[in-house]
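Fold and geometry: a report
The residues making up each chain are set out below.
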Amino acid sequence: MLLTLACSAVSFRSQAEKVTVSLSQEQDGGEAGRACIYIYQGKAEYRRVKADEGCAPEIVVERDKK
């Protein structure tokens, strides 16, 4: 069973590719930090950073190959 899971994981990873996504929106939450929002193909990726940090201008995500 473990071998089956390992093979499934390898085949799943081979169907994904890395894509760079630019920062879409940044929201200041005061002392709670800030929300960094990256939107790619209708899906939003959120990252939270500390109040004294800024959002990365871009992130790398994996998307399925079609």
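First, a word on scope: everything that follows refers to the structure included in this document. Quick caveat: nothing in here was measured; it's all calculated off a predicted structure. (Residues numbered from 1 in each chain as written. Predicted model: local features only at pLDDT ≥ 70, side-chain atom pairs only at ≥ 80, totals over all residues. Heavy atoms only, no water.)

So, the sheet that holds strand β2 (residues 34–40)
Here is the rule we go by: A pair of strands is labelled paired if DSSP reports no fewer than 2 bridges between them. Helix numbers and strand numbers start at the N terminus; a helix is a DSSP run of H or I with at least 4 residues, a strand a run of E with at least 2. Fitting a line to C-alpha atoms yields each axis, with helices limited to the stretch in contact; the angle taken between N-to-C directions then spans 0 to 180 degrees.
Here we have 4 strands laid out as an open sheet, ordered β3-β2-β1-β4, and antiparallel in their pairing. Either end of the sheet is taken by a strand with one partner, and the two such strands are β3 (43–49) and β4 (58–64). Strand after strand, the sheet turns through a mean of 35° between neighbouring axes, direction not considered. Sheet topology note: the strand β1 (residues 16–28)/β4 ladder contains 7 bridges and is antiparallel. Within β4, the position partnered with K18 by the bridge is E62.

Some thoughts on the state of the cysteines
Selection criterion: Cysteine sulfur atoms that pair up within 2.5 Å are treated as a disulfide.
Counted according to the given criterion, the structure contains 1 disulfide. Through a disulfide, C36 is tied to C55; the S-S separation comes to 2.0 Å. With the S-S dihedral at roughly -85°, the linkage between C36 and C55 falls on the left-handed side. Separated by 19 residues along the polypeptide, C36 in strand β2 and C55 in the loop between β3 and β4 bring together distant segments of the chain.

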